[in-house]
Amino acid sequence: MGHDDLPTLELAFPGPERDRGVAAILSGRKTALTGLLEIYEHAGEAVPVTGQRFSVLDSEGRPAVTIELVDVRVVPMKEIDDGFARAEGRGYSDVAEWRAAHEEFFRSDGVSEYLGHTPVIDDDTLVVAERFRVVEPDNSGGP
């Protein structure tokens, strides 16, 4: 199955944050990601399921890597632990750093604009916690 046959996944918003996330996946540092359940609901998208594959796009909208979800859970933020936080591959040393970064992103202007309001983020806020494995990097753009 090629990249064109897969649903796409875009990390954060195009730019440095997305580029760092894609690089972390390609390096093997990033094996988990977190989404705000409210964003899925607002978009009318189903929560992904274990075994589902995605073509992760870079900031230019090009396929960068294919991942397969190995675990998907919808949990309150308070249930995220240090191990999951570190698996996000963003250099978080513990869940407190993960939490601060995700609260900032989920309350950002981009997310608030998309949702039409600033979401309430607290211990009980539901997030989609996904663990994945890299199936294949996309080498088509290389020499």
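All of the points below concern the structure found in this document. Everything quoted here is computed from the prediction, not taken from an experiment.

Conventions and cut-offs
- Residues numbered from 1 in each chain as written.
- Predicted model: local features only at pLDDT ≥ 70, side-chain atom pairs only at ≥ 80, totals over all residues.
- Heavy atoms only, no water.
- Helix = DSSP H or I, 4+ residues; strand = E, 2+ residues; numbered from the N terminus.
- Expected span 1.5 Å × (residues − 1).
- Buried < 20%, exposed > 50% of the residue type's maximum accessible area, 1.4 Å probe, protein only.
- Arc of directions from axis to C-beta.
- Polar contact = N/O pair within 3.5 Å; in protein donor to acceptor, adjacent residues only side chain to side chain.
- Phe/Tyr/Trp six-rings, centres within 6.5 Å; stacked < 30°, edge-to-face > 60°.

## A word on helix α4 (residues 95-106)
- Taking 1.5 Å as the rise per residue, α4 with 12 residues should run 16 Å; its terminal C-alpha atoms sit 16 Å apart, in good agreement.
- Residues W98, R99, H102, E103 and F106 constitute the buried set of α4. Take α4 and look down its axis: the buried residues cluster within an arc of 125 degrees, on one side only. α4 presents A96 and E104 as exposed residues on the side facing more than 90 degrees away from its buried surface.
- Residue D94 occupies the N-cap position of α4, its side-chain oxygen lying 3.1 Å from the main-chain nitrogen of A96.

## Considerations on the packing of aromatic side chains
- Inspection of every chain in the model, using the stated rule, returns 2 aromatic pairs.
- With 5.6 Å between their ring centres and 45 degrees between their planes, F13 and F105 make a pair best called tilted. Here the residue F13 occupies a position in the loop between β1 (8-9) and α1 (16-27), and F105 occupies one in helix α4, the gap between them amounting to 92 residues.
- On the basis of relative accessible area, F13 is assigned to the partly exposed category, the value being 38%.
- Three or more aromatic residues link up through ring pairs in this structure, and these residues are F13, F105 and F106.

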